[in-house]
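Structural overview for review
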Amino acid sequence: MAVSTASRLRVLVDMDGVLADFEGGVLRHFLARYPGEPHVELAERRGFSGRGQYRRLRGAGSQPGALWLTEVFICTSPLMKYEHCILEKYSWVEKYLGPKFVERLILTGDKTVVSADLLVDDKDTIKGAEPKPSWEHILFTCCHNKHLELQTPRRRLQSWADDWRGIVESKRRSNVEKECYASLTANGN
Ligand SMILES: Cc1cn([C@H]2C[C@H](OP(=O)(O)O)[C@@H](CO)O2)c(=O)[nH]c1=O
Ligand SMILES: [Mg+2]
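About the cut-offs
- Residues numbered from 1 in each chain as written.
- Chains lettered and ligands numbered in written order.
- Predicted model: local features only at pLDDT ≥ 70, side-chain atom pairs only at ≥ 80, totals over all residues.
- Heavy atoms only, no water.
- Buried < 20%, exposed > 50% of the residue type's maximum accessible area, 1.4 Å probe, protein only.
- Helix = DSSP H or I, 4+ residues; strand = E, 2+ residues; numbered from the N terminus.
- Contact = heavy atoms within 4.5 Å.
- Near = heavy atom within 4 Å.
- Polar contact = N/O pair within 3.5 Å; in protein donor to acceptor, adjacent residues only side chain to side chain.
- Nonpolar A, V, L, I, M, F, W, Y, C, P; charged D, E, K, R; others polar.
- Domains from an automatic or database assignment.
- UniProt positions renumbered as here; feature names shortened; annotations may be inferred.
- Phe/Tyr/Trp six-rings, centres within 6.5 Å; stacked < 30°, edge-to-face > 60°.
- Salt bridge = Lys/Arg side-chain N within 4 Å of Asp/Glu carboxyl O.

**Observations concerning helix α2 (residues 50-57)**
When we look at burial in α2, the residues that qualify are Gly52, Gln53 and Tyr54. Residues of α2 that are buried sit in contact with α1 (22-33). Within two residues after α2, Gly59 carries a phi angle of roughly 65°, on the positive side.

Structure representation (structure tokens):
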């Protein structure tokens, strides 16, 4: 049976804050390096930039999810100070997800130009050169974004225990419906 292209789904999965416990790692590192210093508990984190919140305070790992989606790529941005982080990201993916996923690792400073159906990402606002990215952004809940109220129709994935299959399947259904509608209107029906 021929499979329509609309039923094939490409999902981009962010790395820090979604697959890797970025916030927990930063806090553990901070506590080890600056014992006794004021710090921000994960329950108190607000806003994407931890650095900003620490600045204000001073007056100034891992949780790989079970992924068996249609076509999954890891889509991650390197830090501006990229010397170590690029190698570390590749090593992390190989260690926790295996060599097959190394081939599916996309490092980009601009996720809006990557083409996919879904992007699961903990950053609340994702901007770039493409004003209308092809993907729907699914906000992955993280300590820094859990208090944000999303405007309809934006959707969240609370954790990997949440219903990611439901999100993937609803996207697939909507793609198939769009394709059917397009072919009906193209045929003058
Ligand atoms: C500075 C900063 C970076 N990051 C992550 C996001 C990017 O990875 P990712 O795209 O995998 O989420 C990377 C570069 O900014 O570091 C945070 O998650 N929080 C921060 O405060
Ligand atoms: Mg992230």
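Now that the structure has been shown, we can carry on.
**Some words on the site of ligand 1**
Taken together, the neighbourhood of ligand 1 is formed by 13 residues, with Asp14, Asp16, Thr76, Ser77 and Lys111 sitting nearest. Residue Met15 places a main-chain N or O atom 3.3 Å away from an oxygen atom belonging to ligand 1. The contact in question runs from an oxygen atom of ligand 1 to an N or O atom on the backbone of Ser77, over 2.9 Å. Looking at the shell around ligand 1, its residues break down into 5 nonpolar, 4 polar and 4 charged. Two domains each put at least three residues into the shell around ligand 1: domain 1 (5-21 + 64-186) and domain 2 (22-60).

**A short note on the UniProt feature "active site" (unreviewed entry) in the chain**
According to UniProt, the feature "active site" (unreviewed entry) maps to Asp14 and Asp16 in the numbering used here. Mapped onto the elements, Asp14 comes out in the loop between β1 (10-13) and α1. Not counting residues up to four positions away in its chain, the partners in contact with Asp14 are Leu19, Cys75, Thr76, Lys111, Val120, Asp121 and Asp122. As for its position among the elements, Asp16 is in the loop between β1 and α1. For Asp16, a relative accessible area of 25% puts it in the partly exposed group. When residues no more than four places from it in sequence are discounted, the contact partners of Asp16 are Phe22, Lys89 and Asp122.

**Details of the packing of aromatic side chains**
Enumeration according to the criterion identifies 4 aromatic pairs in this entry. Aromatic pair Phe30 and Tyr34: ring centres 5.0 Å apart, planes at 50°, arrangement tilted. Seen in terms of ring centroids, Phe30 and Tyr54 are 4.7 Å apart; in terms of plane orientation they differ by 50°. Their pairing is tilted. One end of the pair, Phe30, is in helix α1; the other, Tyr54, is in helix α2, with 24 residues separating them in the sequence. Across the pair, Tyr54 and Phe30 agree in class, each one buried.

**Let's talk about the pattern of salt bridges**
Pairs may arise between side chains of opposite charge once their charged atoms sit close together. For the structure on display, the rule yields 11 salt bridges. Across the salt bridge formed by Lys81 and Glu83, the nearest N and O atoms sit 3.8 Å from each other. Through salt bridges with shared partners, one network takes in Asp14, Lys111 and Asp121.

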